[in-house]
Amino acid sequence: MTDNSRSDSNAVNARRALAVTGAFYILIAFEFLYMASPFAAYFYGVYGLGLDWLQGSRTTSWLIQFFMPHLVEETTSFAIDIHESVGLFLFFGGLAAFAAGAVQIYSAKLRGRGAVTGGLYRHIRHPQYLALIVASIGMLMLWPRYLVVMATVTVIFVYIALARAEESVCLRRFPGYASYLKNTGMFLPAAFSPNFKLPVGDSAAARMAVWALAYAASLGIALLVALGIRAHAIASFHILTEREGVYLSVVAIPQRQLSEVARIARAAPEVRAAISGKTHLIAYVLPTGMYISEIPMHLPPGARYSHRVPADRNPARYKVVFTQAVFGRRAPLPEPSGILWNAVHKTALWEVYVDLGAGQVVASYPPPEKPFYGDRQVPLF
């Protein structure tokens with residue numbers, strides 16, 4: 001096989017790999033977009049089939065877990081609290097940069113100007129791929145499952161492979177591209193780009209082995225970083241651990257108040273009946289005016305689901321939604337302190353409204369007959 005045909009073949013293979021990986025990543029992107037739309041329940045009805053399969057095994061159930069919170073809005077960590085805002089900025093900023101690069105590329109093609117080396121491409125050879133990588137990282141912060149970590153690392157490696165393949169083609173087709181390549185960086189300006197090459201020789205098998213090793217190492221590091229972030233996130237929650245389970249507040253609340261809310265809530269006769277004999281509970285504590293679709297709860301007429309914390313919330317009134325944690329097939333069950341670490345699903349048990357001023361439950365509701373997401377796995381925190 002000649003060098004030219006090998007380059008063309010590499011480019012085709014890279015594009016095919018990008019198409020397959022991209023299709024998988026688009027499904028993940030749709031999960032985020034549909035969460036904010038009226039189609040969310042329908043989408044989870046379809047996507048949930050895959051989640052069911054992953055949840056069914058201890059080997060795979062961890063893939064669907066979140067390493068940063070999706071429900072909890074206020075923690076003791078500033079970095080955790082702003083991760084969604086940062087994710088939105090990176091996601092839409094990356095898409096905007098990609099669009100700007102596309103305008104420059106297709107404008108040059110329509111005018112027949114050959115390789116684009118100015119504008120966004122003056123110091124970076126692949127600003128569009130960089131923009132997509134940034135958008136992918138933003139998506140990861142918005143939908144931080146371990147599964148998405150794996151998809152993001154895979155997409156980045158595919159972009160690198162596609163960039164290298166396209167450069168091989170450009171070297172043959174455009175005079176002066178070799179000089180341009182020497183003075184620019186692939187994804188960062190040359191001054192900030194690492195300049196080292198692994199001595200793999202001309203062997204295709206050696207190159208594949210190096211790529212596989214680099215991919216495995218990057219994936220392992222990314223997952224370890226995500227695991228560390230998860231540990232930091234859970235440690236920053238406003239949480240109370242009791243014998244029956246954990247009380248998790250989605251907003252900032254003093255520990256003494258959280259303990260009092262838990263005491264009043266579990267003393268209600270309806271709650272005692274609902275949780276009798278049960279352990280490994282997750283009891284969500286929210287302001288009474290906050291309605292989160294991922295937590296099965298009573299939705300009054302005219303109210304809407306939202307993750308936004310009500311600006312006019314009454315700090316003396318909370319609602320507590322008791323749920324039963326569900327784990328992947330494992331034995332024995334974790335200690336109460338490990339519930340959030342290991343749970344992959346939950347089922348609703350009961351909901352009560354607590355008035356701290358009166359020291360009593362002022363409203364009580366059974367689980368909704370038709371939860372927004374049905375029986376599908378949804379974020380636990």
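If you're wondering where the values come from, they're calculated on a predicted model, not measured in any experiment.

Undergrad: Is there a simple way to think about the overall build of the chain in this case?
TA: Within the chain one finds 11 helices and six strands. When the 381 residues of the chain are sorted by exposure, 43% land in the buried category. Of the contacts formed within the chain by residues at least 6 apart in sequence, a portion of 73% connects residues at least 24 apart.

Undergrad: Whenever I open this one, the nonpolar core confuses me. Can you help?
TA: The tendency in soluble globular proteins is for nonpolar side chains to be buried side by side. One finds Tyr247, Ile282, Tyr284, Leu286, Val320, Phe322 and Phe381 to be the most contacted residues of the largest nonpolar core, which totals 67 residues. In contact with Ile282, other than residues within four places in its own chain, are Val246, Val321, Phe322, Thr323, Ala325, Ile339, Leu340, Ala343 and Leu380. Leu132, Val155, Leu162 and Ala163 belong to the second-largest nonpolar core, a separate cluster that totals nine residues.

Undergrad: Any chance you could explain the pairing of strand β3 (residues 281-287) here in plain terms?
TA: The two faces of the sheet receive side chains in turn, since in a regular strand these alternate between them. Counting buried positions over the seven residues of β3 gives seven, a clear majority of the element. As paired elements, β3 and strand β4 (residues 317-327) share seven bridges and run antiparallel to each other. Across the sheet, residue Leu281 finds its bridge partner in β4, namely Gln324.

Undergrad: Teacher, can you tell me more about the confidence of the model for the chain here?
TA: Any region with low pLDDT has predicted coordinates that should not be read closely. Of the residues in the chain, 77% have a pLDDT of 70 or more, and the chain-wide mean is 81. Within the chain, no element has a lower average pLDDT than helix α1 (residues 3-35), which sits at 49, and none a higher one than β3, at 96.

Undergrad: Sorry, what's going on with the side chain of Glu244 here?
TA: In this fold, Glu244 is placed in the loop between β1 (238-242) and β2 (245-249). A polar atom in the side chain of Glu244 sits 3.3 Å from the side chain of Arg266. Beyond its immediate sequence surroundings of up to four residues, Glu244 is in contact with Arg266, Thr279, His280 and Leu281.

Undergrad: I'm lost on the packing of helix α6 (residues 146-173) against helix α8 (residues 204-235) in this one. Help?
TA: The relative placement of two packed helices comes down to the angle between their axes together with the axis-to-axis distance. Running from amino to carboxyl end, α6 crosses α8 at an angle of 145°, the nearest separation of the two axes being 10 Å. For the pair α6 and α8, the crossing hand works out as right-handed. Here α6 contributes Tyr146, Val149, Met150, Val153, Thr154, Phe157, Ile160, Ala161 and Arg164 to the contact with α8, which in turn contributes Trp211, Ala214, Tyr215, Ser218, Leu219, Ala222, Leu223, Ala226, Leu227 and Arg230. By residue class, the composition of the contact of α6 with α8 is 15 nonpolar, two polar and two charged.

Undergrad: Would you mind going over a nonpolar patch on the surface with me for this structure?
TA: Residues Leu88, Phe92 and Leu95 make up a contiguous nonpolar surface patch of roughly 260 Å² in combined accessible area. Position of Leu95 relative to the elements: it lies in helix α4 (residues 83-111).

Undergrad: Where do I start with the environment of Phe66 in this structure?
TA: Mapping Phe66 onto the fold places it in the loop between α2 (40-55) and α3 (78-81). Between the C-alpha atom of Phe66 and that of Val344, which follows or precedes it by 278 residues, the distance is 9.2 Å. Aside from chain neighbours lying at most four places away, what touches Phe66 is Trp143, Pro144, Arg145, Arg230, Pro379 and Phe381.

Undergrad: How should the environment of Pro127 be read in this particular structure?
TA: Structurally, the position occupied by Pro127 is in helix α5 (residues 127-142). Other than its neighbours up to four places away in sequence, Pro127 contacts Leu120 and Tyr121.

Undergrad: I'm lost on the sheet that holds strand β6 (residues 360-365) in this one. Help?
TA: Paired through their backbone hydrogen bonds, the strands of a sheet run either parallel or antiparallel. With respect to topology, six strands assemble into an open sheet ordered β1-β2-β3-β4-β5-β6, the strand pairing being mixed. In this open sheet, the two strands that pair with only one neighbour each are β1 and β6. Mean inter-strand twist for the sheet, computed between neighbouring axes without regard to direction, equals 25°. By the bridge criterion, five bridges tie strand β5 (residues 343-355) to β6 in an arrangement that is antiparallel. The residue of β6 that forms the bridge with Tyr353 is Ala363. Across the sheet, helix α9 (residues 255-267) is in contact with β1, β2, β3, β4, β5 and β6; its angle to β1 comes to roughly 50°.

Undergrad: Which parts of the structure should I look at to understand the pattern of salt bridges?
TA: Two side chains of opposite charge can pair, provided their charged atoms sit close to one another. Enumeration according to the criterion identifies five salt bridges in this entry. In this structure, Arg266 and Glu244 form a salt bridge, with 3.3 Å as the shortest nitrogen-oxygen distance. Pair noted here: Arg266 is in helix α9 and Glu244 is in the loop between β1 and β2, with a separation of 22 residues, a long-range link. Taking the relative accessible area as the measure of exposure, Arg266 reaches 26% and is therefore partly exposed. A single salt-bridge network, built from bridges that share partners, covers Glu242, Glu244 and Arg266.

Undergrad: Could you clarify how one ought to interpret empty space enclosed by the protein in this entry?
TA: Taking a probe equal in size to a water molecule and rolling it over the atoms shows the remaining empty space. Scanning the model with the defined rule gives one cavity of 30 Å³ or more in all. Computed from the structure, the largest cavity encloses a volume of approximately 110 Å³. Around the largest cavity sit 13 residues that line it, and Ile64, Gln65, Phe66, Pro379 and Leu380 are the ones nearest its centre. Its residues assigned to classes, the lining of the largest cavity shows nine nonpolar, two polar and two charged.

Undergrad: What is the right way to look at the packing of α5 against α6 in this model?
TA: Where α5 meets α6, the closest approach of the two axes is 10 Å, and the angle between their N-to-C directions is 180°. The angle between α5 and α6 falls in the class roughly antiparallel. For the pair α5 and α6, contact is made by Tyr129, Leu132, Ile133, Ser136 and Leu140 and by Val148, Val149, Thr152, Val155, Ile156, Tyr159, Leu162, Ala163 and Glu166, respectively. In terms of residue class, the contact of α5 with α6 is made up of 11 nonpolar, two polar and one charged.

Undergrad: Any chance you could explain the side chain of Ser293 here in plain terms?
TA: Examined against the element boundaries, Ser293 turns out to sit in the loop between β3 and β4. Within the local environment of Ser293, its side chain forms a polar contact with the side chain of Glu294, the two groups lying 3.3 Å apart. Those residues in contact with Ser293, other than ones at most four positions away along the chain, are Tyr305, Phe372 and Tyr373.

What counts, and at which threshold
Residues numbered from 1 in each chain as written. Predicted model: local features only at pLDDT ≥ 70, side-chain atom pairs only at ≥ 80, totals over all residues. Heavy atoms only, no water. Helix = DSSP H or I, 4+ residues; strand = E, 2+ residues; numbered from the N terminus. Buried < 20%, exposed > 50% of the residue type's maximum accessible area, 1.4 Å probe, protein only. Contact = heavy atoms within 4.5 Å. Core = buried A, V, L, I, M, F, W, Y, C linked by side-chain atoms within 4.5 Å. Pairing = 2+ DSSP bridges. pLDDT = per-residue confidence, 0-100. Polar contact = N/O pair within 3.5 Å; in protein donor to acceptor, adjacent residues only side chain to side chain. Axes fitted to C-alpha atoms, helices over the stretch in contact; angles between N-to-C directions. Left-handed = near helix turned anticlockwise from the far one by under 90°. Nonpolar A, V, L, I, M, F, W, Y, C, P; charged D, E, K, R; others polar. Patch = residues over 30% accessible without salt bridge, like charges linked within 9 Å, V, L, I, M, F, W, Y side chains within 5 Å. Areas by Shrake-Rupley, 256 points an atom, 1.4 Å probe, with all protein chains shown as cover. Salt bridge = Lys/Arg side-chain N within 4 Å of Asp/Glu carboxyl O. 1 Å grid on protein atoms, 1.4 Å probe; cavity = no way out; pocket = protein on both sides within 12 Å on 5 of 7 lines; lining within 4 Å. Points joined across faces, edges and corners; volume = space filled by probe spheres on them. Parallel < 35°, antiparallel > 145°, perpendicular 65-115°, else oblique.

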